[in-house]
Amino acid sequence: MDKTPFSTPSCPCCSGCCSFLSGGGLFLPWNEDGEFNENESNDDGVNNSGDLPLSTDVITPNESWEKISAKSAENTDKTKQQILLVDTHGHPHLQREVQYADATTSADHELKDSSDCVVSLTCAVSPLDWKDALEYASQSPQILPALGVHPWYLGDIMHDMDNIDTNCEIIEQFLKWDWLTDLETHLSEHPHLLVGEIGLCKMARFLREFPKDRGGKATALQLQKVVFRKQLELAAKWSRPVTVHCVNAHGKFMEVLKEILMEVKESCAELEMQEAKKIWRRSFPPAIAMHSFTGTAHHVGEILAFEKELLYPEEAQDGGKRHRRKQKQQQNPTSETVPDKSKEDPDDMLFYFGFSHAVNHVMCTSEKARKKGMEAVRSIPSDRLLVESDVHASVDVALGTAGAVA
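Throughout what follows, the structure given in this document is the object of discussion.

Definitions and limits used
Here, residues in each chain are numbered from 1, in the same order as that chain's written sequence. Side-chain atom pairs in this predicted model are given and counted only at pLDDT of 80 or more, local residue features only at pLDDT of at least 70, and totals for whole chains, interfaces and linings cover all residues. Heavy atoms from the whole structure form the basis of all side-chain values; hydrogens and water molecules are not counted. Residues grouped as a nonpolar core are buried Ala, Val, Leu, Ile, Met, Phe, Trp, Tyr and Cys residues, joined through side-chain atoms within 4.5 Å. Throughout this description, buried means an accessible area under 20% of the type-specific maximum (1.4 Å probe, protein chains only), exposed means over 50%, and partly exposed covers the range between. Numbered from the N terminus, helices here are DSSP runs of H or I no shorter than four residues, and strands are runs of E no shorter than two. Only heavy atoms matter for contacts: two residues are in contact if any of them lie within 4.5 Å across the pair. Multiply 1.5 Å by the residue count of a helix minus one, and that product is the helix's expected span. Taking the helix axis as origin, the arc is that swept by the directions to the C-beta atoms. Note on ring pairs: Phe, Tyr and Trp rings are taken, using the six-membered ring of Trp, and paired if centres are within 6.5 Å. Classes follow the plane angle, with under 30 degrees stacked, over 60 edge-to-face and the rest tilted. Here, a charge over a ring is recorded when the distance from Lys NZ or Arg CZ to the ring centre is within 6 Å and its angle to the ring normal is within 35 degrees.

## Section: the nonpolar core
Turning to step 1, where the next piece is worked out: In terms of nonpolar packing, the biggest core is built from 69 residues, with Leu223, Leu232, Val244, Phe253, Met290, Phe351 and Phe353 touching the most fellow members.
Turning to step 2, where the next piece is worked out: With nine residues, helix H6 (residues 216-237) is the single largest residue contributor to this core.
Turning to step 3, where the next piece is worked out: Not counting chain neighbours up to four residues away, the residues in contact with Leu223 comprise Leu154, Met158, Ile171, Phe174, Leu175, Phe206 and Phe210.
Turning to step 4, where the next piece is worked out: Core analysis: the second largest hydrophobic core is formed by 17 residues, Ile68, Tyr100, Leu399 and Val405 among them.

Right, dumping it as structure tokens:
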């Protein structure tokens, strides 16, 4: 069986392509128009009656994997590699605690060969595990690596506090910067290396424990913002997708995006609009995946509104005319059709939203929170949905990803 479904690049850890962030074919109940089908039922344990599904409606990762892997039996051409799942975020290179696979796993015998049918992304969290992520990814053409500095681990790139002037007002002086040079070197050497896990997090211990005599939480959050933006800009420079951790920091996240766009707009104010738009777009990575998204439907709307302002500024400024035209078309199907640019040019979509069983179900314990999560899912176009394992051991990748599908 051919185990190289993708073109093989020059470095062993970078087999594959970044287009999996499109999120297509994730076994979600969408109709051909890209809308959630509220009337049809299915046999996958998903409640499509129009009511938001309760936690009891979600099948287990085991059951989900068995249903998905059963589809491989329908593949009559055994000479072609069949990819059943795409895991867009995890940390299996860490080889730490096992969450899903154990001696009682009913599908355990199938998991031994699961690496052949699951494409996965392993995300580093600190320069201390970059080497491990690259070495783990080099084991299979189905594994892509991502390197970055997670907002929890800024301590790994900080100078010793004892060596920092207590009156220091230049935020960058708190940080070492050799890691950023190293990250760019890796990006230059590995053409399919992604950037991540990066982001902002108000729940990070780094934030809570940052010394008060050095500015406390306010300074720590500013450091997160500086490091996040540096990595975002580096990903844009090398045209690499990013995977973003954003917890209780939606406002800061939007602030960074708007600052970058405002600055680049000012820098090319004298250019023609079409040329300026190309520069605006190149100021951001080709794709931004919101990892284990815990925001609301309102947050989704704000993120996609920013994308529209970036990609289609004329439509963003039309005062809702396009929305009203769409409503008119729905009432009068024979009227002139206004093309949906996001469907015409999927390569020019910026934001994608990932969900994992580990975070969005297991850690989301209240029914109210799960309902809010489902409302967010339903507000996201189907071609922007991603599934993630978010696991820390390689044996868990298949079940973790299948759990996200469930």
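Additional details are given in the paragraphs that follow.
## Points about the environment of Ala406
Turning to step 1, where the next piece is worked out: Along the chain, Ala406 turns up in the segment after helix H15 (397-405).
Turning to step 2, where the next piece is worked out: A residue is classified by how much of its surface remains accessible, and Ala406, at 24% relative accessible area, is partly exposed.

## Notes on helix H4 (residues 178-189)
Turning to step 1, where the next piece is worked out: Taking 1.5 Å per residue, twelve residues should reach 16 Å; H4 reaches 17 Å between its end C-alpha atoms and fits that length.
Turning to step 2, where the next piece is worked out: Among the residues of H4, those classed as buried are Trp179, Leu180, Leu183, His186 and Leu187. Viewed end-on, H4 has its buried residues packed into an arc of 120°, placing them on one side of the element.
Turning to step 3, where the next piece is worked out: The inward-facing, buried residues of H4 contact helix H3 (130-137), strand S3 (143-147), strand S4 (194-201) and H6.

## A look at the packing of aromatic side chains
Turning to step 1, where the next piece is worked out: A complete count under the given rule lists ten aromatic pairs for this structure.
Turning to step 2, where the next piece is worked out: Their ring planes at 55° and their centres at 6.0 Å tell us that Phe174 and Phe210 sit as a pair that is tilted. Taken as a pair, Phe174 in the loop between S3 and H4 and Phe210 in the loop between helix H5 (205-208) and H6 lie far apart in primary sequence, 36 residues in all.
Turning to step 3, where the next piece is worked out: Judged by its relative accessible area of 5%, Phe210 is buried.
Turning to step 4, where the next piece is worked out: Seen from their ring centres, Phe228 and Phe253 are 6.0 Å apart, and the 45° between their planes marks the pair as tilted. Placement of the pair is Phe228 in helix H6 and Phe253 in helix H7 (residues 250-267), with a sequence separation of 25 residues. The two residues Phe228 and Phe253 agree in class, both being buried.
Turning to step 5, where the next piece is worked out: Taken together, the aromatic side chains of Phe228, Phe253, Phe284, Phe306 and Phe351 make up a single cluster linked through ring pairs.
Turning to step 6, where the next piece is worked out: Above the ring of Trp177, the side-chain terminus of Lys230 is found at 5.7 Å from the ring centroid.
Turning to step 7, where the next piece is worked out: Against the face of Trp280 rests Lys265, its NZ or CZ located 4.9 Å from the ring centre.

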